[in-house]
Each structure stands twice: as C-alpha cells, then as structure tokens.
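Take a look at the letters that make up each chain.
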Amino acid sequence: THTVIRFKRKLQTCDDRDRTINKDTLRVLWAWNDQDPHDDVAGPVYHGENRGVRSSMFLRKEVDIAEESLPSDILSHDVVMSNTIIPSKRTTYWCRVVDMPKLQTKHHIFKVQPVITPG
C-alpha cells in the first residue's frame, strides 16, 4: 500500500519559515505513525523510525533544458568525466580541478547542466 498526500498553499507565502515552492529540486522531510493522535492538545505520537527525506520537484519545467537556445555570443565549455560510471545511489559527489579557458575580461557562469551519455 501507499499513502498519497495532497496539499494546497501559495507558492510564496512571505513567511520567513516557509520555503518558496519553485521549479528547483526541493528536499521534503516526512514522518508518520501508525496511531492517530488521542486528542488535539497532546498532538501526534512520536514517529520513531518512520521518517525520511526525499528530493522532489513539485513543479514541472515548461521547457526541457537541453532544448533551450542560447544567444549566439554566449561562450560554452564542457567539462567531461571520461569513462565514469554513475552509481545507482541517489546522490554522488565528484571533485575534480579543471583548467578553464583563458578569458580577457570577467565572465559569469549562468547555466550548468549535466551531459550524460547512456550506456
């Protein structure tokens, strides 16, 4: 069996303790208990081991990132990890120092996206 939770709220509540819901990946913390609360004053029973976290996207992006077109004066540079197998774990970190192209003036990086070759 599974549980589906539906909620409704503003995407931006202007509350300092709320996160803005946007098209980025959001981390969702969850917890549950087999028992219903006995009364409204005491609140729910402690969840014990029934808890977790998951990265989720609540909103779909209208345009696939790979299909976005960039202005013709934009410079791009691919950093490639050769012969690298991506583990089946949810999160993997790699650290690598790379030489970037030499530029005459200050530039800003405004887009980063993975380039994954299947197989």
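One can find the structure itself at the top, above this paragraph.
A brief look at the structure comes next. A quick note: this is a predicted structure, and the numbers were derived from the prediction, not measured.

**Considering the overall build of the protein**
No. 1: Summing up its helical and strand segments, the protein has zero helices and two strands in all.
No. 2: By the burial criterion, 3% of the 119 residues in the protein qualify as buried.
No. 3: Nonlocal contacts in the protein, meaning residues at least 24 apart in sequence, comprise 52% of its contacts between residues at least 6 apart.
No. 4: Summed over all atoms, the accessible surface of the protein reaches about 12600 Å², with 52% contributed by carbon and sulfur.

**Description of the environment of His-77**
No. 1: As for its placement among the helices and strands, His-77 is situated in the segment after β2 (51-56).
No. 2: Taking relative accessible area as the criterion, His-77 reaches 39% and is therefore assigned partly exposed.
No. 3: Between the C-alpha atoms of His-77 and Met-100, which are 23 residues apart in sequence, the distance is 7.9 Å.
No. 4: Among all residues touching His-77, those that are not within four sequence positions of it are Asp-99, Met-100 and Pro-101.

**With respect to a nonpolar patch on the surface**
No. 1: On the surface, Val-79, Met-100, Ile-109 and Val-112 cluster together into a nonpolar patch covering about 440 Å² of accessible area.
No. 2: Here Met-100 shows up in the segment after β2.
No. 3: Take Met-100: its relative accessible area is 41%, and that puts it in the partly exposed class.

**Quick notes on unusual backbone geometry**
No. 1: The backbone phi angle of Cys-14 is positive, close to 65°, even though this residue is not glycine.
No. 2: In this fold, Cys-14 is placed in the segment before β1 (26-31).
No. 3: Here Cys-14 falls in the exposed class, since its relative accessible area comes to 71%.
No. 4: One non-glycine residue, Asn-83, lies in the positive phi region at around 50°.
No. 5: With respect to the helices and strands, the residue Asn-83 is situated in the segment after β2.

Rules of the game
Residues numbered from 1 in each chain as written. Predicted model: local features only at pLDDT ≥ 70, side-chain atom pairs only at ≥ 80, totals over all residues. Heavy atoms only, no water. Helix = DSSP H or I, 4+ residues; strand = E, 2+ residues; numbered from the N terminus. Buried < 20%, exposed > 50% of the residue type's maximum accessible area, 1.4 Å probe, protein only. Contact = heavy atoms within 4.5 Å. Areas by Shrake-Rupley, 256 points an atom, 1.4 Å probe, with all protein chains shown as cover. Patch = residues over 30% accessible without salt bridge, like charges linked within 9 Å, V, L, I, M, F, W, Y side chains within 5 Å. Salt bridge = Lys/Arg side-chain N within 4 Å of Asp/Glu carboxyl O.

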